[in-house]
Structures are given as C-alpha cells and as structure tokens.
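As a plain string of letters, each chain reads:
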Amino acid sequence: MVAHDVADLSLARGGEARIAWADGQMPVLRSIRERFERERPLDGVAVAACLHVTAETANLVRALMAGGAEVALAAANPLSTQDDTAAALVEEHGAEVHARYGEDADAYAAHIVALAAGRPHVTLDDGADLLTFLHAGAADLRERLVGGVEETTTGLLRARRLEAEGRLLCPVVAVNEAHAERVFNDFFGTGQSTLDGILRATNLLLAGQTLVLLGYGWTGRGIALRARGAGAQVVVCEIDPLRALEARMEGFDVMPAIDAAPRGDVFVTVTGSRSVLRREHFERMKDGAVLANAGHFDVEIDLGDLRALAREVRDVLPLVQEYDLGDRRLNLLAAGRVVNLAAGQGHPAAVMDMSFALAALVVEDLVRRGAGLAPGVHPVPDRIDREIARLKLASLGVEIDTPTPEQEAYRSTWAPGSAPGSASEA
C-alpha cells in the first residue's frame, strides 16, 4: 500500500460514495479524465498537492492519476479534511494521502515535509505553503521542480513576494486569476458557500441584519449579492477606489471599517490580507457581533488582539467561540479559519468542476512547456480558459454562435486594444 497518514481506512466505503456523488456533478473534469486515460500526458510526472481534502479534490487526483501522474496529497486546512474521502483515495485509488481532520500544526508540517520528500515535478497549492517550503528547503527537494499551480489569492501574494525578492525558482501559474475561475469559484462558489457556512454555524436569520463585508473583489461581490438577496443590509469596506466605487454604484453602503464597526451584526473578511479586523474595530463593535473569515488563512481577523481584549473565551456552539470583552461579547466562527469550508461543505461540486478542470489542464501544460517558461507568476493561457468554458457549455447542452470568415477577417485587422466593440456587440 502507498505511504499514507489518514484517520481510518475503514471509512473508505463512505468516502467512495461521496467521491462518486461529486463526480456526477463534475462533467468537465470527467471529460478531461477520460481524455487523460487515453493519452497519458502525465506519465512519470510526480505531482504534490496541498489542497482541501474533499470529494471534489479527490476527483482532481483521479484525473491526474488517469493521466499517468504519481500524486501525493496533503491538507491545506485541517478543518476541511473529509476523513472518509482521504481513506477512499488511499484504499480505493492508490493515492498517497497525508491528511487528518483537525490535525495540529506539527502534523500539518510533517505532511508538507512528506510531500516535499517525493521531489515533485509539479506542485498544486491552496496558499503556497508547499511551494514556500520547497523554496526554503534543501536544493535537492526542488531539483526536479518544473512549475507550480496556485489556487488562491493569498498564495499568489506569497508567490509574487518570492518573485519580487528574486527567489522564485520556477514558473507558477495563477489559476485563481483565470476568468473561468473568478466567475465560478469566487463569485458563484465562495459567494454561496460563505453564507452557507455562517448559517450552518449559527442558524442566524440574515434578513434585517447588517453584514459588513471587508473586501469587494470577485468573492466579495458574490457574498454581497447573496447577502442582499437574503434580506441583509450590506456595508462594504475597501482600500481600492475602483472596487469601492463599483460597490457604491451597485447600491451598497461604502465606508471605512472603523465607521462600519459599530453598525455590523455580522462581519466577513475576504481580502487576502492580514489584521483587517483588529483591536480598534473590536472595541467599537456591538454586543453579539459575529466574526467570520472567508479568506484562505486565519490572519484576516487579528486573533491576538481579540484574545488580549477578552476576559474569557468559551465555546457556545461547536463552531462558535464567544469572546467576553466585559461590556460586550463577540462571536468568532470556526476559529477564524475559512468559514465556507471549516463550517460548511465548501463549494458545490459543479463549481469545483471548473476550478479543478483548469488545474488539470494547467498541470498538463506545465509538463509540456514548463521548461520554456521563465521563473515568475504566469497567467493561465487564454486558450485553456476558453477551452474550460467551451467544455462547460457543452456539458450544459448550450451552443453559441461562431464568427463568419468575413467577421474573422475583420477582427484580424484590429490593432490590440482598438476593437470598436466587444465580441458580444458584434
């Protein structure tokens, strides 16, 4: 049996059923897996993945293995690991898995070390922990490294920091910034699953509540739209004037976080930055305010400041910690970890279908041309982005127009950036 560290292999049967259910909602990734089985484009390629260990991720692992890859998987978040899924990957599919629900920091670090020991050709990351470890570790661990794939905004910030410091030693493809990823994963996926996680943890009624949203990127927009649809009044806090203006023109109140602090009933951080809610905000919040994070790491809500202010901390629900500040109580969800996964089931499989289909094709592309790419953060090639959209439309039975030869000839005369209208206007 392959190397593994999972909670209980006897859970494999239930995990296999969960994986099959997700597979039924992931037609794009399934079509790629079927092609990979025929063509075997990843034969002999070692892929190390530090991702959320869920049924959807299991189907990405299956696709890569169908293409011939040797895949090792560890958990990007100990509170999102599905132990039955981890067991099924080992027992039923022969994948190397190092993941246990609720694992501590030492176990997490050991699992990253186990992935690195395989000297991967390609890394798949949610947060760049594996990539960062490989760059900090011994040179022999990264001697075969062809490239990396990053799924999160936070991870791309870390990769770009390495690049700016001249320490990034391989190409890293920004799957998180592909258009198909932004629309499906961030806007539709996190937009829905964040509220799902909050409601599962608290059973709150959002109607009539004020939800303060810190960050108005693609994910923030998705959360804001769904919160308003649930009857909440949404206040947006931003540092980017263009995003702030967009929020205002879409009908949301916009103000600095310090001014929103006394107004909010529910606070959601989704910035990719750190300490966006801190002491000065906690001191102005009303009694009973709920704090949730939808960013990748548990640094957006300053937990050190929150603990320093608290006289007492107690668990009031399985995923709710009450911080007693003396004159008020603040309720932290899922220990400040990403709430849609730690308190909910994460994205629907139909959303992860797009995200992981992109990842699979990017891995294939890196294997084919990675040696010709300079170290640095690279965009997903437009042809891959469009191929994913085409496959998704086909799975939905949707057909679209194709340009006539005359239209193609006309478009070919446009200088870059000088097109007289968008394709939808033609």
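Details of the structure are given in the entry above.
Residues numbered from 1 in each chain as written. Predicted model: local features only at pLDDT ≥ 70, side-chain atom pairs only at ≥ 80, totals over all residues. Heavy atoms only, no water.

Overview of the overall build of the chain
Argument step 1. When helices and strands are counted, the chain shows 17 helices and 16 strands.
Argument step 2. In terms of overall dimensions, the chain is globule-like: its C-alpha atoms have a radius of gyration of 22 Å, near the 22 Å expected for 426 residues.
Argument step 3. Across its three principal axes, the chain shows a C-alpha extent of roughly 65 × 60 × 45 Å.
Argument step 4. Burial statistics for the chain: of 426 residues in total, 53% are counted as buried.
Argument step 5. In the chain, 42 side chains carry a positive charge and 61 a negative one; their mean positions are 2 Å apart. (Helix = DSSP H or I, 4+ residues; strand = E, 2+ residues; numbered from the N terminus. Rg over C-alpha atoms; globule rule 2.2 N^0.38 Å. Buried < 20%, exposed > 50% of the residue type's maximum accessible area, 1.4 Å probe, protein only. Lys, Arg positive; Asp, Glu negative; His and termini not counted. Charge placed at Lys NZ, Arg CZ, Asp CG, Glu CD.)

Comments concerning the environment of Ala136
Argument step 1. With respect to the helices and strands, Ala136 occurs in helix α6 (residues 129–136).
Argument step 2. Judged by its relative accessible area of 66%, Ala136 falls in the exposed class.
Argument step 3. Remark: the alpha-carbon pair of Ala136 and Arg167, spanning 31 residues in sequence, is separated by 9.5 Å.

Things to note about the sheet that holds strand β9 (residues 233–237)
Argument step 1. Pairing is mixed in the open sheet, where eight strands are placed in the order β10-β9-β8-β11-β12-β15-β14-β13. Two strands close off the open sheet at either side, each with one partner strand: β10 (253–254) and β13 (312–317).
Argument step 2. As judged from the five bridges shared by β13 and strand β14 (residues 320–324), these two strands associate in the antiparallel manner. Counted as the bridge partner of Val313 is Tyr323 from β14. (Pairing = 2+ DSSP bridges.)

Describing the nonpolar core
Argument step 1. One finds Ile32, Val47, Leu60, Leu64, Leu124 and Ile388 to be the most contacted residues of the largest nonpolar core, which totals 58 residues.
Argument step 2. If one sorts the elements of this core by residue count, helix α15 (residues 349–369) sits on top with 12 residues.
Argument step 3. Among all residues touching Leu124, those that are not within four sequence positions of it are Val47, Ala48, Ala49, Cys50, Leu51, Leu60, Leu64, Val149, Ala359 and Val363.
Argument step 4. With 25 residues, the next largest nonpolar core counts Leu195, Ile223, Val270 and Ala294 among its residues. (Core = buried A, V, L, I, M, F, W, Y, C linked by side-chain atoms within 4.5 Å. Contact = heavy atoms within 4.5 Å.)

Topic: the packing of helix α2 (residues 27–39) against helix α16 (residues 382–395)
Argument step 1. At a minimum axis separation of 9 Å, α2 and α16 run at an interaxial angle of 110°. The orientation of α2 relative to α16 falls into the category roughly perpendicular. As for the relative orientation of α2 and α16, their crossing is right-handed in sense. Within the contact between the two elements, α2 uses Pro27, Val28, Ser31 and Ile32 and α16 uses Ile388, Leu391, Lys392 and Ser395.
Argument step 2. Of the residues assigned to the contact of α2 with α16, the class counts are five nonpolar, two polar and one charged. (Axes fitted to C-alpha atoms, helices over the stretch in contact; angles between N-to-C directions. Parallel < 35°, antiparallel > 145°, perpendicular 65-115°, else oblique. Left-handed = near helix turned anticlockwise from the far one by under 90°. Nonpolar A, V, L, I, M, F, W, Y, C, P; charged D, E, K, R; others polar.)

Side note on the pattern of salt bridges
Argument step 1. Counted by the stated rule, this structure contains 27 salt bridges.
Argument step 2. Where Arg35 meets Glu39, a salt bridge forms, and the shortest distance between an N and an O atom there is 2.8 Å. One end of the pair, Arg35, and the other, Glu39, are both in helix α2, four residues apart, so they sit about a helical turn from each other.
Argument step 3. Classification of Glu39 as partly exposed rests on a relative accessible area of 42%.
Argument step 4. Residues Glu143 and Arg119 are paired through a salt bridge, measuring 2.3 Å at the closest nitrogen-oxygen approach. With Glu143 in the loop between α6 and β6 (147–150) and Arg119 in the loop between α5 (105–117) and β5 (122–125), the pair connects residues that are 24 residues apart, well separated along the chain.
Argument step 5. Residue Glu143 is classed as exposed on the basis of its relative accessible area, which comes to 54%. (Salt bridge = Lys/Arg side-chain N within 4 Å of Asp/Glu carboxyl O.)

Details of α2
Argument step 1. Between its terminal C-alpha atoms α2 stretches 18 Å, which fits the 18 Å expected from 13 residues at 1.5 Å a residue.
Argument step 2. Where α2 is concerned, the buried positions are Val28, Leu29, Ile32, Arg33 and Phe36. For α2, the buried positions fall inside an angular range of 135° around the axis, keeping them on one side.
Argument step 3. In this structure, the buried residues of α2 make contact with α1 (12–23), α3 (55–66), α15 and α16. (Expected span 1.5 Å × (residues − 1). Arc of directions from axis to C-beta.)

Thoughts on helix α4 (residues 83–93)
Argument step 1. Burial of α4 is extensive: eight of the 11 residues sit out of reach of the surface.
Argument step 2. At the C-terminal side of α4, Gly94 shows a positive phi close to 70°.

Let's talk about the sheet that holds β5
Argument step 1. Taken in spatial order, the eight strands line up as β1-β4-β3-β2-β5-β6-β7-β16 in an open sheet, and their pairing is parallel. Two strands close off the open sheet at either side, each with one partner strand: β1 (4–5) and β16 (376–379).
Argument step 2. Inspection of the sheet shows strand β3 (residues 70–75) paired to strand β4 (residues 96–98) by three bridges, in the parallel sense. Considered in β4, the bridge of Ala72 is made with Glu96.
Argument step 3. Packed onto the sheet, α6 meets β2 (46–51), β5 and β7 (171–174) and runs at close to 135° relative to β5.

Topic: the packing of aromatic side chains
Argument step 1. Inspection of every chain in the model, using the stated rule, returns four aromatic pairs.
Argument step 2. Considering the side-chain rings of Phe187 and Phe188, the 5.1 Å spacing of their centres and the 80° angle between planes classify their relative orientation as edge-to-face.
Argument step 3. Overall, the relative accessible area of 13% leaves Phe187 in the buried class.
Argument step 4. Ring centres of Tyr216 and Phe252 lie 6.0 Å apart, and the angle between their planes is 65°; this geometry places the pair in the edge-to-face category. (Phe/Tyr/Trp six-rings, centres within 6.5 Å; stacked < 30°, edge-to-face > 60°.)

Some remarks on a nonpolar patch on the surface
Argument step 1. Together, Leu396, Val398 and Ile400 line one region of the surface with nonpolar side chains, adding up to about 300 Å² of accessible area.
Argument step 2. Residue position: Leu396 is located in the loop between α16 and α17 (405–411). (Patch = residues over 30% accessible without salt bridge, like charges linked within 9 Å, V, L, I, M, F, W, Y side chains within 5 Å. Areas by Shrake-Rupley, 256 points an atom, 1.4 Å probe, with all protein chains shown as cover.)

Describing the state of the cysteines
Argument step 1. Enumeration over the complete set of coordinates arrives at zero disulfides.
Argument step 2. Distance from the sulfur of Cys50, which forms no disulfide, to the nearest cysteine sulfur (Cys170) is 15 Å. (Disulfide = S-S within 2.5 Å.)

Let's talk about the environment of Leu168
Argument step 1. Structurally, the position occupied by Leu168 is in the loop between α7 (153–164) and β7.
Argument step 2. The class of Leu168 is buried, set by a relative accessible area of 7%.
Argument step 3. Along the chain, Leu168 and His135 lie 33 residues apart, while their C-alpha atoms are 7.4 Å from each other.
Argument step 4. If we ignore the near neighbours within four places in the chain, the residues touching Leu168 are Leu131, His135, Ala159, Leu162, Glu163, Pro375, Gly376 and Val377.

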